[in-house]
Amino acid sequence: MERRAAHARTPVGRSMEPTERDRDRVLPGARAGSVLLGLSMLAACEGRQSVLAPAGADARVLGDLFMVMLVGAVVLWLSVNGLFFYVTRINPAALSKRFANGLIVGGGLLLPSVVLAGLLGYGLSIMPDQRAPGDGLTLRVRGEQWWWRVEYWPEGADAPIVSANEIRLPVGQRADILLDSARVIHSFWIPALGGKMDMFPGRETRLSLHPEKPGRYRGQCAEFCGTSHALMAFEAVAMPPEAFDAWLRQQEAPAAAPATAQGQRGARIFAREGCGACHTVRGTKARGLVGPDLTHVGSRLSLGAGTLGTTLADYETWIAHTGTVKPEVEMPAYDHLDPADRADLAHYLKALE
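Here the structure is a predicted model, which means the values were calculated and not measured.

Parameters and conventions
Residues numbered from 1 in each chain as written. Predicted model: local features only at pLDDT ≥ 70, side-chain atom pairs only at ≥ 80, totals over all residues. Heavy atoms only, no water. Helix = DSSP H or I, 4+ residues; strand = E, 2+ residues; numbered from the N terminus. Buried < 20%, exposed > 50% of the residue type's maximum accessible area, 1.4 Å probe, protein only. Contact = heavy atoms within 4.5 Å. Areas by Shrake-Rupley, 256 points an atom, 1.4 Å probe, with all protein chains shown as cover. Core = buried A, V, L, I, M, F, W, Y, C linked by side-chain atoms within 4.5 Å. Pairing = 2+ DSSP bridges. Axes fitted to C-alpha atoms, helices over the stretch in contact; angles between N-to-C directions. Expected span 1.5 Å × (residues − 1). Salt bridge = Lys/Arg side-chain N within 4 Å of Asp/Glu carboxyl O. Phe/Tyr/Trp six-rings, centres within 6.5 Å; stacked < 30°, edge-to-face > 60°. Lys NZ or Arg CZ within 6 Å of the ring centre and 35° of its normal. Polar contact = N/O pair within 3.5 Å; in protein donor to acceptor, adjacent residues only side chain to side chain. 1 Å grid on protein atoms, 1.4 Å probe; cavity = no way out; pocket = protein on both sides within 12 Å on 5 of 7 lines; lining within 4 Å. Points joined across faces, edges and corners; volume = space filled by probe spheres on them. Nonpolar A, V, L, I, M, F, W, Y, C, P; charged D, E, K, R; others polar.

1. Looking at the overall build of the protein
A count of helices and strands for the protein gives 9 helices and 10 strands. Looking at the protein as a whole, 37% of its 353 residues qualify as buried. Relative to all contacts within the protein whose residues are 6 or more apart in sequence, the contacts with residues 24 or more apart total 62%. Element-wise, carbon and sulfur atoms account for 62% of the exposed surface of the protein, whose accessible area totals about 19,900 Å².

2. A few points about the nonpolar core
Counting 35 residues, the largest nonpolar core has Leu-139, Val-141, Trp-148 and Phe-188 as the members making the most contacts within it. Looking at this core element by element, the count peaks at 5 residues for strand E10 (residues 233–239). Grouped together as the second largest cluster of nonpolar side chains are 22 residues, Phe-270, Ile-319, Leu-337 and Ala-346 included.

3. Some points on the sheet that holds E10
The sheet built from 5 strands is open, its strands ordered E4-E10-E9-E6-E7 with mixed pairing. Looking at the sheet topology across the chains shown, the edges are occupied by strand E4 (166–170) and strand E7 (197–199). Neighbour-to-neighbour, the strand axes of this sheet turn through a mean angle of 25 degrees, independent of strand direction. Bridge count between E4 and E10: 5 bridges; the pairing is parallel. Within the sheet, the bridge partner assigned to Pro-170 lies in E10 and is Met-239. The strands that helix H5 (residues 241–252) touches are E4 and E10; relative to E4, the one it contacts most, it runs at about 135 degrees.

4. Thoughts on H5
Between its terminal C-alpha atoms H5 stretches 16 Å, which fits the 16 Å expected from 12 residues at 1.5 Å a residue. Residues of H5 that are buried in the fold lie against strand E2 (148–153), strand E3 (161–164), E4 and E10.

5. Quick word on the sheet that holds strand E5 (residues 175–181)
By definition, the strands of a sheet pair up through backbone hydrogen bonds, in either a parallel or an antiparallel sense. Spatially, E3-E2-E1-E5-E8 is the arrangement adopted by the 5 strands of the open sheet, whose pairing is mixed. The open sheet has two edge strands with one neighbour each: E3 and strand E8 (205–209). Across the sheet, the mean angle separating the axes of adjacent strands is 25 degrees when strand polarity is ignored. Of the strand pairs in this sheet, strand E1 (residues 138–143) and E2 are connected by 6 bridges, and their pairing is antiparallel. For Arg-142, the partnering residue across the bridge sits in E2 and is Arg-149. Along the sheet, H5 makes contact with E2 and E3, crossing E3 at roughly 95 degrees.

6. Structural notes on the pattern of salt bridges
Throughout the structure, instances matching the rule amount to 14 salt bridges. Between Glu-273 and Arg-272 there is a salt bridge, with its nearest N and O atoms 3.0 Å apart. Taking the relative accessible area as the measure of exposure, Arg-272 reaches 52% and is therefore exposed. The partner of Arg-282 in a salt bridge is Asp-293, with the nearest N and O atoms 3.3 Å apart. In this pair, Arg-282 sits in the loop between helix H6 (261–272) and helix H7 (312–320) while Asp-293 sits in the loop between H6 and H7, placing the two residues 11 residues apart along the sequence. Relative accessible area serves as the criterion here: at 8%, Asp-293 is assigned to the buried category. What emerges from the salt-bridge pattern is a single network uniting Arg-48, Arg-216 and Glu-235.

7. Describing the packing of aromatic side chains
If you walk through the whole model with that rule in mind, you get 8 aromatic pairs. A network of ring pairs unites the aromatic residues Trp-148, Phe-188 and Phe-234 as a single cluster. Here the basic side chain of Lys-196 rests over the ring of Trp-189, its NZ or CZ set 4.2 Å away from the ring centre.

8. Structural notes on the environment of Asp-198
Relative to the elements of secondary structure, Asp-198 occurs in strand E7. On the basis of relative accessible area, Asp-198 is assigned to the partly exposed category, the value being 26%. Excluding residues within four positions of it along the chain, Asp-198 makes contact with His-186, Ser-187, Thr-205 and Glu-223. At 3.0 Å, the side chain of Asp-198 and the side chain of Ser-187 are in polar contact.

9. Remarks on the layout of surface pockets
Computed from the structure, the largest pocket encloses a volume of approximately 570 Å³. Taken together, 30 residues line the largest pocket, and the ones lying closest to its centre are His-279, Pro-292, Leu-294, Trp-318 and Met-331. Among the secondary structure elements, those contributing two or more residues to the lining of the largest pocket are H7 and helix H9 (339–350). Its residues assigned to classes, the lining of the largest pocket comprises 20 nonpolar, 7 polar and 3 charged.

10. Quick look at the pairing of strand E6 (residues 186–189)
When E6 meets E7, the two strands line up antiparallel, connected through 3 bridges. The residue of E7 that forms the bridge with His-186 is Met-199. In the sheet, E6 pairs with strand E9 (residues 215–221) via 2 bridges, with the strands oriented antiparallel. Bridged to Phe-188 within E9 is Cys-221.

Below, the structure is given as structure tokens:
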């Protein structure tokens, strides 16, 4: 009955399809909405994880490549659609065979070929810069589940300086970064400093980065690697060379003994709970290699591979709720510890600077 009533209210001979006048009224609003949507998306094109806010030579080159490709795409789009607009709106009359063939050959073959060949040549010309040799510093980074094992090898070093979940690089120098993975494919990416590089089990890949601006940036695994893939991030810090050298010397030193009674109790809890079976704290009996090196964990800028901050509350949260904070992480949750023990252990870890 409702369907027949609706049909009865429709004037005879009038189509339910929108008329040309209706479309003319709707399209301007739709166009305005599309423009506003595009402008709102551009608001995200900045910040410490943006490819459009380069802070390194490699990211700057890739940014230039993006702009050149964008200009080329716009030229092609305007040219092809301009031809369509010309023959359908400006001059919709029949075309001569010669003119039509000229449009097809010139607009459909020659122009795209010239533009695409130029873009391809430009892209190939910048590829060698993305593989330039380093200036002496080498980093080895391994993707784990779900964190980053990091080793610094200064030129001439006999042993690495081990860290985790954080990358520090000297400004004005190019560093070699050798990449691999423990189990599955990961992808190493610091958008503000350069392009991404995949990491494969049993195979070493190479990336080099040349930071130009001091600052703190964000890196991320760019290849889906499991449940906590989105939580596999890291901090990247570009430092003046003198500050980087001082930081590297500090990282090379063993852990300092706890200076407070609460920290000393936390050290005993760390040993009692068997944390040293998985973690290394240089200068102590803890020499585990399964998890991240914790020798200077208190000096890092994030906890849990970019998942938490570095307050005492963050340390306690991580200790008691690892599986909740980062699903399927290999570290068990120490939720059996009473609040006082968790607080002591958090103080000990945070003091490892």
